[in-house]
Amino acid sequence: MADKGRGERRRHGELVADVLAVLWRAGEPMTAQQVIAALGEGLARTTMATILSRLYEKGTLRRTRSGRGFAYEPVEDAPGLVADRMRRELESDPRRDLVLKRFVSSLSEDDEETLRGLLLEAGEESG
């Protein structure tokens, strides 16, 4: 989280990723002000509150009362968030078999072997 100068604005996605990284490292709920302090940047509290609120509305964060505001924490860890995003993308296309086929065909040999092992594990657990 390098210090960005006033003339150098980062993309919104980078800021969201940095906010999530701060929350994952914290391991406990944080207020907007605490996240700003952890980032070490001069962001406005209202900007951070908006980012945190939007992540809450998307279901990425949960929030609890903290004084007159809220403290936020991630619902899932980073791999869980990516897996959820992948599942939602898969569910959004009616041709799931084609999506899965193209996904699997794009995997490296190592990833394909990992997936094969995970599917075997899952089959053993459910059977």
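Further up the page is the structure itself.
Read on for a plain summary of the structure. Only a predicted model underlies this, so the values are computations on that prediction, with no experimental measurement involved.

The rules behind these values
Residues numbered from 1 in each chain as written. Predicted model: local features only at pLDDT ≥ 70, side-chain atom pairs only at ≥ 80, totals over all residues. Heavy atoms only, no water. Pairing = 2+ DSSP bridges. Helix = DSSP H or I, 4+ residues; strand = E, 2+ residues; numbered from the N terminus. Phe/Tyr/Trp six-rings, centres within 6.5 Å; stacked < 30°, edge-to-face > 60°. Lys NZ or Arg CZ within 6 Å of the ring centre and 35° of its normal. Expected span 1.5 Å × (residues − 1). Buried < 20%, exposed > 50% of the residue type's maximum accessible area, 1.4 Å probe, protein only. Contact = heavy atoms within 4.5 Å. Patch = residues over 30% accessible without salt bridge, like charges linked within 9 Å, V, L, I, M, F, W, Y side chains within 5 Å. Areas by Shrake-Rupley, 256 points an atom, 1.4 Å probe, with all protein chains shown as cover. Salt bridge = Lys/Arg side-chain N within 4 Å of Asp/Glu carboxyl O.

1. Considering the pairing of strand 2 (residues 69–74)
- With 6 bridges joining them, strand 1 (residues 61–66) and strand 2 adopt antiparallel strand pairing. Bridge pairing in strand 2 places Arg 63 opposite Tyr 72.

2. Focus on the packing of aromatic side chains
- Summed over the entire model, instances satisfying the criterion amount to 1 aromatic pair.
- The cationic tip of Arg 63 hangs over the ring face of Phe 70; the distance from NZ or CZ to the ring centre is 4.0 Å.

3. Here's the deal with helix 4 (residues 78–91)
- With 14 residues, helix 4 extends 20 Å from end C-alpha to end C-alpha; this agrees with the ideal 20 Å at 1.5 Å per step.
- Inspection of helix 4 places Gly 80, Leu 81 and Leu 90 among the buried residues, and these make up the whole buried set.

4. Some points on the environment of Val 99
- Inspection of the secondary structure assignment puts Val 99 in helix 5 (residues 96–105).
- On a C-alpha basis, the gap between Val 99 and Glu 89 in space is 9.3 Å, while along the polypeptide they are 10 residues apart.
- Beyond its immediate chain neighbours, meaning those up to four positions away, Val 99 contacts Leu 90 and Asp 93.

5. Here we look at a nonpolar patch on the surface
- Together, Val 82, Met 86, Phe 103 and Val 104 make up an exposed nonpolar region whose accessible area comes to about 310 Å².
- Within the residue set of the nonpolar patch, elements represented by two or more residues are helix 4 and helix 5.
- The topology assignment puts Val 82 in helix 4.

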